[in-house]
Amino acid sequence: MTETTTATPPRSGNRADKTLLRALRGEALPTPPVWMMRQAGRYLPEYKATRAQAGDFLSLCYTPDLAAEVTLQPIRRFGFDGAILFADILLVPQALGADLWFVTGEGPRLSTITAQAEFDALKPAADVHETLSPVYETLRILTRELPAETTLIGFAGAPWTVATYMIAGRGTPDQGPAHALKAANRPLFEALLNRITDATIEYLSAQITAGAEAVKLFDSWAGSLSAAEFDAYATAPAKRIIAELKARHGDVPVIAFPRQAGDKYRGFHAATGADCVALDDSVTPDWAAANVQVDGCVQGNLASRHMVTGGEALVSETRAIVEAFRGGPHIFNLGHGITPDADPDNVRLMVETVRSA
Ligand code: CP3
C-alpha cells in the first residue's frame, strides 16, 4: 500500500478478479487467498475496545457503524483477502422471536423450543428482516469501506446447528436435547428445521442484496448426525438454501462448512451445490485434496491452536497445507474459529507464511 495517491479509488462492487472470488470459481492460484474464522474477536485489543464501547455483544452486532468497524479491524491489521461480516448465527432465532442473551464467560442462552405451542409462537420467516435490518446496513457500510481487493463474506448458521441452540436454549457438548426432540417428535423437529431454512434463505438473500459477495453456511454441529440423518438434516437443507440463493442471485458463491463431517465431506460439493467446502482440522490435507478438492474449492484447515502456540510448528503446518492443496482451488483458513487466547503475532506469521510458501 502506498500513501501517494490523492484519492482512494471507489470499491468496484462485485469485482470478479478478487483472489478469493477466483478461488471460489474454481481457479488454482499460486498463492491461496487467506482469512480466518472469528477473525474479529477477543484476541484483538482493538476489538475489546470497540466491544466495550458498544456495551455488550448483541449491541455490537446491531450497531452498524461498530459492527463494520470490528469487521475492518483484522483487515487493517493483517490484510486478509476476505472480510467476514460481524454478526452471529444466533441472530436468526432472535429474529424468529426467541429470547437471546449472552452470559459473560459462559456463552449464549435462548428461550427453548420443545413443544408445539412454542413453535407456533415463532414468527414467519419473511418477518426476520424487522430484526435483522441493521446487519444489512453493516454490509452496505462495508461495501464502501473495504479495500477493493477484499471479498465481503456474509454468513448464517446452517439449520441443524441453529436448531440445536433453539431446542436446548444453549450450547451443548453432544447436542443431546436436539437429538432427543428429533426422536420424540420428529414432525415438530422437522417443522423447526424448515422454518429456520426458510428464514436463512431470506436472511442470506438480503445479505447478498446489501453487498455480500459470497456467503458461508456454518454447520458447526454437523458431526453429531449419523450418516442417514446427515443427508436429511445437513445436506438437504444446505441444498435447498443454495439452490434458492442461486435462483434469486445468479451464481453467487457459497461456502459450506459441515464441521466434523469426516468421510461425509466426500461428495458434499455435488450433493449441495456448494462452490466451496470448508474443512475442519480432523481431516488431513492429503486426504481432502484426493477426496474433496477433486470436486471443487476447499477452505481450511490449520488447527486453531497454532495461533496460540506459534513457532516452527505453525510455519511447517501452514506450508504443508498450502503444498497439499496447491494443485487445485484453495482458500487458506483455520479448521475452526481463532480463540481469545491467541497471539496476534502468530496470525501475522501465518499470513506471511501462506504468502511466501
Ligand atoms: O468470524 C467472524 O469474525 C465473524 C463473526 C462471527 C461470530 N460468531 C462472532 C462472535 C461468526 C461467523 C460467528 C459464528 C458462530 N456463532 C458460530 C459458528 C461457528 C463456530 O464457532 O462453530 C456459533 C456456533 C456461534 C454461536 C456463539 N456465538 C457462541 C457459542 C458464542 C459464545 C462462545 C464464545 O466464543 O464466546 C458466541 C459469541 C461470539 N460470536 C463472540 C464473537 C466474536 C464472542 C462474544 C464476545 O465478544 O464476548
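Fair warning: this is a prediction, and the values are worked out from it, not measured in the lab.

K.L.:
Report on the overall build of the protein, specifying residues and quantitative values.
P.N.:
Within the protein, the regular secondary structure consists of 16 helices and nine strands. The globule rule puts the C-alpha radius of gyration for 357 residues at 21 Å, and the 19 Å found for the protein is close to it. Dimensions of the protein along its principal axes, counting C-alpha atoms only, are 60 × 45 × 40 Å. Entry remark: accessible area of the protein is about 14100 Å², with carbon and sulfur atoms responsible for 52%.

K.L.:
Can you explain the sheet that holds strand 5 (residues 214–219)? Please cite residues and give values.
P.N.:
Pairing is parallel across the open sheet formed by seven strands, whose spatial order is 1-4-5-6-7-8-9. Two strands in the sheet have a free side with no partner beyond their single neighbour: strand 1 (82–84) and strand 9 (330–334). Averaged over all adjacent pairs, the angle separating strand axes in this sheet is 25 degrees, with direction ignored. Across five bridges, the pairing between strand 5 and strand 6 (residues 254–258) is parallel. Looking at strand 6, one finds that Val215 is bridged to Val254. Lying on the sheet, helix 15 (residues 311–324) is in contact with strand 8 (297–302) and strand 9; it crosses strand 8 at an angle near 165 degrees.

K.L.:
How would you summarise the nonpolar core if you had to cite specific residues and measurements?
P.N.:
Core analysis: the largest hydrophobic core is formed by 123 residues, its most contacted members being Met36, Phe80, Leu91, Leu192, Tyr203, Met307 and Met350. Ranked by residue count, the leading element in this core is helix 10 (residues 186–209), at 11 residues.

K.L.:
Tell me about the site of the ligand, and name the residues and values.
P.N.:
The environment of the ligand is formed by 23 residues, the closest being Arg38, Tyr47, Arg51, Asp88 and Ser220. The side chain of Tyr47 places a nitrogen or oxygen atom 2.6 Å from an oxygen atom of the ligand. Here a nitrogen atom of the ligand sits 2.7 Å away from a polar atom, N or O, in the side chain of Asp88. Of all elements in the fold, only helix 2 (45–54) and strand 3 (107–110) reach the threshold of two or more residues within the shell around the ligand. For the shell around the ligand, a count of residues per class yields 15 nonpolar, four polar and four charged.

K.L.:
Describe the pairing of strand 2 (residues 100–103), and please don't skip the residues or the numbers.
P.N.:
Taken together, the four bridges between strand 2 and strand 3 define a ladder with antiparallel strand orientation. Within the sheet, the bridge partner assigned to Phe102 lies in strand 3 and is Pro108. What sits between strand 2 and strand 3 in their antiparallel hairpin is a turn of three residues, with Gly105 showing a positive phi close to 85 degrees.

K.L.:
Requested: an account of the pairing of strand 5, with residues and values cited.
P.N.:
Among the six residues in strand 5, six count as buried, and that is most of the element. Examined bridge by bridge, strand 4 (residues 151–157) and strand 5 share five bridges and lie parallel to one another. Bridge pairing links Gly157 to Phe218 in strand 5. Each parallel crossover has a hand, and the one from strand 5 via helix 11 (residues 227–249) to strand 6 is right-handed.

K.L.:
Provide a residue-level description of the side chain of His179, including the pertinent values.
P.N.:
Among the secondary structure elements, His179 is positioned in helix 9 (residues 176–184). Within polar-contact distance, the side chain of His179 engages the side chain of Lys182 at 3.1 Å. Those residues in contact with His179, other than ones at most four positions away along the chain, are Trp160, Asp174, Ser224, Leu225 and Glu229.

K.L.:
Lay out the side chain of Lys18 in plain terms, naming residues and giving numbers.
P.N.:
Residue placement: Lys18 occurs in the segment before helix 1 (19–24). At 2.6 Å, the side chain of Lys18 and the side chain of Glu213 are in polar contact.

K.L.:
Tell me about the pattern of salt bridges, and name the residues and values.
P.N.:
According to the stated counting rule, one finds 16 salt bridges in the structure shown. Here Glu137 makes a salt bridge to Arg140, at a shortest N to O gap of 3.1 Å. Of this pair, Glu137 and Arg140 both sit in helix 7 (residues 129–145), separated by three residues, roughly a single helical turn. Between Arg326 and Glu323 there is a salt bridge, and its shortest N-O distance comes to 3.1 Å. A residue is classified by how much of its surface remains accessible, and Glu323, at 48% relative accessible area, is partly exposed. A single salt-bridge network, built from bridges that share partners, covers Lys182, Arg186 and Glu229.

K.L.:
Explain the packing of aromatic side chains to me, and be specific about the residues and the numbers.
P.N.:
Taken as a whole and assessed by the stated rule, the structure comprises 10 aromatic pairs. Between Phe57 and Phe102 the ring centres are 4.8 Å apart and the planes differ by 70 degrees, which places this aromatic pair in the edge-to-face class. Within this pair, whereas Phe57 is found in helix 3 (residues 57–62), its partner Phe102 is found in strand 2, the two being separated by 45 residues in sequence. Connected via pairs of aromatic rings, a cluster forms that spans Tyr47, Phe57, Phe86 and Phe102.

K.L.:
Break down the packing of helix 2 against helix 4 (residues 64–78) for me, with residues and values.
P.N.:
At a minimum axis distance of 10 Å, the contact between helix 2 and helix 4 shows a crossing angle of 175 degrees. If you check the angle between helix 2 and helix 4, you find them roughly antiparallel. Residues Pro45, Glu46, Tyr47, Thr50, Gln53 and Ala54 of helix 2 form the contact with helix 4, whose own contacting residues are Leu66, Glu69, Val70, Gln73 and Arg77.

So, how was this worked out
Residues numbered from 1 in each chain as written. Predicted model: local features only at pLDDT ≥ 70, side-chain atom pairs only at ≥ 80, totals over all residues. Heavy atoms only, no water. Helix = DSSP H or I, 4+ residues; strand = E, 2+ residues; numbered from the N terminus. Rg over C-alpha atoms; globule rule 2.2 N^0.38 Å. Areas by Shrake-Rupley, 256 points an atom, 1.4 Å probe, with all protein chains shown as cover. Pairing = 2+ DSSP bridges. Axes fitted to C-alpha atoms, helices over the stretch in contact; angles between N-to-C directions. Contact = heavy atoms within 4.5 Å. Core = buried A, V, L, I, M, F, W, Y, C linked by side-chain atoms within 4.5 Å. Buried < 20%, exposed > 50% of the residue type's maximum accessible area, 1.4 Å probe, protein only. Near = heavy atom within 4 Å. Polar contact = N/O pair within 3.5 Å; in protein donor to acceptor, adjacent residues only side chain to side chain. Nonpolar A, V, L, I, M, F, W, Y, C, P; charged D, E, K, R; others polar. Right-handed = clockwise from strand over helix to strand, strands pointing away. Salt bridge = Lys/Arg side-chain N within 4 Å of Asp/Glu carboxyl O. Phe/Tyr/Trp six-rings, centres within 6.5 Å; stacked < 30°, edge-to-face > 60°. Parallel < 35°, antiparallel > 145°, perpendicular 65-115°, else oblique.

Read these as spatial facts, not as claims about activity.
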